[in-house]
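Geometric and topological summary
One letter stands for each residue in the lines below.
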Amino acid sequence: MEIKQGTPVSPGVAIGPALVLDTEWFRIPQRYVEPDRVHEELERVNQALAAAAREAKENQQAVSDKLGKQYGAIFGAHIQLIEDPSLAAEIEKQILEEGFAAEYAVSRIMRAHAKALESIQHGYFAARAADLFDIEKCLLRNLLGHRREQIQHLKQAVVVLAHDLTPSETAVLDPKMVHAFATEAGGRASHTAIMAGALEIPAVVGLGKFVTDVSGGDMVIVDGHRGLLILDPDKEMLERYEKTRSSFRIFEDRLGELRELPAVTRDGTNIQLLGNIEFPAEATHCLDRGAAGVGLYRTEFLYLGKTSDPTEADHLDAYLTVLRTLGKCKPVVIRTLDLGADKFSTSAEVVEHERNPFLGLRSIRLCLRNLTLFKTQMRAILRASAFGDVRIMFPMVSTLLELRQAKMILAEVKEDLDEEGIAYNPKLPVGTMIEVPSAAIMADQLAREVNFFSIGTNDLVQYTLAADRTNETVASLYNPADPAVLRLIDMVVGAARKHGIEVNLCGEMSGEPIYTMLLLGMGLRQLSVTPHNIPEIKKIIRSVSMEEATHVAEEARRLETARDVNNYLREQTRRILPEVVG
Ligand code: PEP
Ligand code: MG
C-alpha cells in the first residue's frame, strides 16, 4: 500500500479500479486473455516489437541525416533495447504464465524496468528510464493501433489516473463511469479542478509522480476531502474508506435538508449564496442546492470542442436555458469571454505563441482586440436580459480605461439593437471582476463606473503572489489566506461599500468552508460557489453570528503569514462544524 498526498479539489471518496492514462491518452487495460488466445497475443507482441524497431531505425536514419550520427545514436540505444531477446522473453513469460494480454504485459515489464532505473536517482539512469517509457509508448501505439479506447465510452466504472488533464479532457469525463480522478500535476484553482467541481467528480491534483507506480485495474482510493491517493490499499484501509464513504453520504443527505432554509447568520444577517456554473445544465445543480441565483457564468466553456466560434444564437440559446431553469427573478451574472492562458484555445484565439500567456493577450484584452467576437456575445447577453435578471460582467480588467472601452462597446451594441427594434433591459447591470492586483488597488475608482464587483480570488492570488494557479510546485505559495491577498480583499470591499455597490466573491476561496467566517467578517454579503459546496457553506453561515465572524476576521488580519491564518481559521471552523474540517 502507498499513500500519496496532493491537493483536494473536489470532495468525495471513490474506491475502484484504476484507469491509467499516459500523456497520449492510451488506456492501459488489465486484461487477461483466454488460454486459446495466448498464441495470438504472443504474435501481436512480436509484431509490435518488430514495428517499434523499424520505427526506431527510421528515426535513427532521419536524425542522423539531419543532425549527425551522434544524435542518431540515441535511437541506436532504443533499437538495442527493443531487439534484446531478453525483453521479448520477459514479456512472453507474463503472457504465458500469467495469462496477461499483450498491452498489459508490455506495460508491466517496461514500467518495472523504468522504475528500477528511476530509483537510482542519477541523471544518466533517469534518462534511460525516459527511454524505456518512450519505447513502452511506441509498443502500445503499435499494439493498440485502432483499438485505442475512448475514455468517453467506458463500460465499467473506474478511477482515472493521469499525469495531467486539460479542462477539455476533464469536461468529457462521464461522472457515471469516472468515479474520481487523480493527477500528478495541477493546482487548487486550475480550470481542471473547477471542472471536477462542476461535474461533481471527487478529485485530487498535484500529487507528484505516481503514474508509473500503477497499472490499469489496480485497486485505488481517491479521497477528495483530504487530498489523498491510496495505491493498492490493504484490507483495513478499504474497510475504513467504505465507512468514510457512507458517512460522507449521510453528511451530504443531512446538508440536503438545508436546501429550503435561508443563508442567514444566527443573528439574522442575510447572505446571498449563489452558484458558479460552466455549462447551462448546471443551473439545475444550483436550484437543487438552493442557490439564490448564478453569481458567475463562465461562458468560455461554450467554446469547448468547437472548431468555430459560437454564434449569437449559440450564446443566446445557452443563456436562455439557464434563465428557463432559474426563472425570471433569480440573478444570473454572465461573464464575457475569459479565454487564454490555461483556458481553452479556439479559432477565436488570434494569439501567436506568447512567452508568458498568463500575462498576455487574454480575456478582456483579447475581446477588445476582436470586436466581432465581443459584440456577438454582448448582443446575446442583452437579448437574454429581456427574459430575466441578467447582469453582465467583464473579466481580467486591469485598468479603468479597459473598463471604459468595454462599456463603450456595450453602448454601441445597445444602439444597434435599438435600431433593429430588438428588446433588452436598458438598465442591464454592469460589473467587473476584481482579479488583477491593479484593479483591487484602484477599486475606489472602478467602483464609480460599475454596478457591482466580483472578486476573483483564483486569479487575484495568482497575480498577487506571482504563483501560477495550475502549478503544483508553487502550491505552497498559492494561498488565498495570504495577508497580502486579505489586504486587497479589504480594499475592494471597502471601496464597494463607500460607493454603495454590491460586492461578491466568486473565486474557489468562497467555496472553502474554512474561509466562510473570515469572508463574512470582512464584510462580504454575497458568495458565489461551485453548486455542490452551497449546502456546506450555508451550514456554516447558519451556525455563526456576525459578531463571531467579525472577531475571526479581526484576529486573522493580525496574523503575519498565510500558514498562521489558515491554522487559525481551521481551528475556528472546527469549533463550529468539525465534520467539514476533517
Ligand atoms: C477567479 O479568477 O477567481 C475566477 C472566478 O475566474 P476564473 O477561475 O474563471 O479565472
Ligand atoms: Mg479569473
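Nothing here was measured: the structure is a model prediction, and the numbers come from that model.

Before going further, it helps to examine the packing of helix α16 (residues 457-465) against helix α17 (residues 483-499). The N-to-C vectors of α16 and α17 enclose an angle of 125°; their axes lie 10 Å apart at closest approach. By the criterion of interaxial angle, the relationship of α16 to α17 is oblique. Both α16 and α17 take part in a crossing whose hand is right-handed. Taking contact as the criterion, the partners of Thr457, Leu460, Val461, Thr464 and Leu465 in α16 are, on α17, Ala484, Val485, Leu488 and Ile489. By residue class, the composition of the contact of α16 with α17 is seven nonpolar, two polar and no charged.

Further remarks concern the coordination of the magnesium ion (ligand 2). For the magnesium ion (ligand 2), the full set of protein donor atoms is Glu435 (OE) and Asp459 (OD), at a range of 2.0 to 2.1 Å. Taken as a pair, Glu435 in the loop between β13 (430-434) and α14 (437-441) and Asp459 in helix α16 lie far apart in primary sequence, 24 residues in all. The class for Asp459 is buried, based on a relative accessible area of 2%.

Attention now goes to a nonpolar patch on the surface. Residues Ile441, Met442 and Met491 make up a contiguous nonpolar surface patch of about 260 Å² in total accessible area. With respect to the helices, strands and loops of the structure, Met491 is situated in helix α17. Overall, the relative accessible area of 37% leaves Met491 in the partly exposed class.

So, about the pairing of strand β12 (residues 390-394). Among the five residues in β12, five count as buried, and that is most of the element. Burial of the side chains of β12 extends over both faces: Val390, Ile392 and Phe394 are buried on one face and Arg391 and Met393 on the other. Inspection of the sheet shows strand β11 (residues 332-335) paired to β12 by four bridges, in the parallel sense. Among the inter-strand pairings, Ile334 is bridged to a residue of β12, identified as Ile392. As judged from the three bridges shared by β12 and β13, these two strands associate in the parallel manner. Its bridge partner lying in β13, Phe394 is registered against Thr432.

In this section: helix α19 (residues 534-543). In terms of residue burial, α19 counts as a mostly covered element, since eight of its ten residues are buried. Along α19, the positions that sit buried rather than exposed are Ile534, Pro535, Glu536, Ile537, Lys538, Ile540, Ile541 and Ser543.

This part is about the site of ligand 1. In the vicinity of ligand 1, 16 residues are found, and the nearest of them are Arg298, Arg335, Gly456, Asn458 and Arg469. Between an oxygen atom of ligand 1 and a side-chain N or O atom of Arg469, the distance comes to 2.7 Å. The set of elements that each furnish at least two residues to the shell around ligand 1 consists of α7 (191-199), β10 (294-298) and α16.

Moving on to the nonpolar core. The tendency in soluble globular proteins is for nonpolar side chains to be buried as a group. Counting 110 residues, the largest nonpolar core has Tyr319, Phe374, Phe394, Phe453, Ile489 and Leu518 as the members making the most contacts within it. Among the elements that take part in this core, α17 stands out by supplying eight residues, more than any other. If near-sequence neighbours (up to four positions away) are discounted, Phe453 is found in contact with Thr432, Ile434, Ala443, Leu446, Ala447, Val492, Ala495, Ala496, Ile501, Glu502, Val503 and Asn504. Formed by 31 residues, the second largest nonpolar core is a distinct cluster that contains Val33, Val45, Ala102 and Ala114.

We now examine the packing of helix α3 (residues 85-98) against helix α4 (residues 102-118). At a closest axis distance of 9 Å, the pairing of α3 and α4 adopts a crossing angle of 130°. Relative to α4, the element α3 lies oblique. The way α3 lies across α4 gives a crossing that is right-handed. Together, Leu87, Glu90, Ile91, Gln94 and Ile95 of α3 and Ala102, Ala105, Val106, Arg108, Ile109, Met110 and His113 of α4 make up the contact between the two elements. Here the residues of the contact of α3 with α4 sort into eight nonpolar, two polar and two charged.

On to the pattern of salt bridges. Taken as a whole and assessed by the stated rule, the structure comprises 32 salt bridges. In this structure, Arg404 engages Glu449 in a salt bridge whose closest nitrogen and oxygen atoms are separated by 2.7 Å. Within this pair, whereas Arg404 is found in helix α13 (residues 400-420), its partner Glu449 is found in the loop between α15 (443-446) and β14 (452-455), the two being separated by 45 residues in sequence. Under the relative-accessibility criterion, Arg404 is labelled partly exposed at 41%.

Attention now goes to the sheet that holds β14. Read around the closed barrel, the eight strands follow the order β9-β10-β11-β12-β13-β14-β15-β16; overall the barrel is parallel. Here the average twist between neighbouring strands, direction ignored, is 25°. Sheet strands in contact with helix α12 (residues 371-384) are β11 and β12, and its direction is about 155° off that of β12.

Attention now moves to the side chain of Asp223. On the secondary structure map, Asp223 appears in strand β7 (residues 219-223). With a relative accessible area of 0%, Asp223 lands in the buried category. Within the structure, the side chain of Asp223 is placed 2.9 Å from the backbone nitrogen of His225, a separation counted as a polar contact. Of the polar contacts made by the side chain of Asp223, one reaches the side chain of Arg226; its length is 2.8 Å. The residues touching Asp223, leaving out its near neighbours within four places in the chain, are Gly12, Val13, Val204, Leu228 and Tyr241.

Further remarks concern the sheet that holds β7. With mixed pairing, eight strands are arranged side by side in an open sheet as β1-β8-β7-β3-β4-β5-β6-β2. The two strands at the open ends of the sheet, each matched to only one other strand, are β1 (2-5) and β2 (7-10). Here the average twist between neighbouring strands, direction ignored, is 30°. In the sheet, strand β4 (residues 158-162) pairs with strand β5 (residues 178-183) via five bridges, with the strands oriented parallel.

As assigned here, the protein comprises domain 1 (2-21 + 150-251), domain 2 (35-147) and domain 3 (270-435 + 504-576). If you average the C-alpha positions of domain 1 and of domain 2, the two centres end up 29 Å apart. Each side of the interface is counted separately: domain 1 has nine residues, and domain 2 has six residues. Interface of domain 1 and domain 2: buried area, both sides summed, is about 530 Å²; carbon and sulfur atoms make up 45% of it. The largest share of the area that domain 1 buries against domain 2 comes from Thr212, Asp213 and Ser215, three residues that together contribute 66% of it. Where domain 1 meets domain 2, there are two residue pairs in polar contact (both at pLDDT 80 or more). For the side of domain 1 that touches domain 2, the per-class residue count stands at three nonpolar, three polar and three charged.

On to the environment of Ile109. Its location among the elements puts Ile109 in helix α4. On a C-alpha basis, the gap between Ile109 and Ile489 in space is 53 Å, while along the polypeptide they are 380 residues apart. The residues touching Ile109, leaving out its near neighbours within four places in the chain, are Leu87, Glu90, Ile91 and Gln94.

About the thresholds
- Residues numbered from 1 in each chain as written.
- Chains lettered and ligands numbered in written order.
- Predicted model: local features only at pLDDT ≥ 70, side-chain atom pairs only at ≥ 80, totals over all residues.
- Heavy atoms only, no water.
- Axes fitted to C-alpha atoms, helices over the stretch in contact; angles between N-to-C directions.
- Helix = DSSP H or I, 4+ residues; strand = E, 2+ residues; numbered from the N terminus.
- Parallel < 35°, antiparallel > 145°, perpendicular 65-115°, else oblique.
- Left-handed = near helix turned anticlockwise from the far one by under 90°.
- Contact = heavy atoms within 4.5 Å.
- Nonpolar A, V, L, I, M, F, W, Y, C, P; charged D, E, K, R; others polar.
- Donors = N, O, S within 2.8 Å, 3.2 Å for Na, K, Ca; no water.
- Buried < 20%, exposed > 50% of the residue type's maximum accessible area, 1.4 Å probe, protein only.
- Patch = residues over 30% accessible without salt bridge, like charges linked within 9 Å, V, L, I, M, F, W, Y side chains within 5 Å.
- Areas by Shrake-Rupley, 256 points an atom, 1.4 Å probe, with all protein chains shown as cover.
- Salt bridge = Lys/Arg side-chain N within 4 Å of Asp/Glu carboxyl O.
- Pairing = 2+ DSSP bridges.
- Near = heavy atom within 4 Å.
- Polar contact = N/O pair within 3.5 Å; in protein donor to acceptor, adjacent residues only side chain to side chain.
- Core = buried A, V, L, I, M, F, W, Y, C linked by side-chain atoms within 4.5 Å.
- Domains from an automatic or database assignment.
- Buried area = accessible area lost by both parts, 1.4 Å probe.

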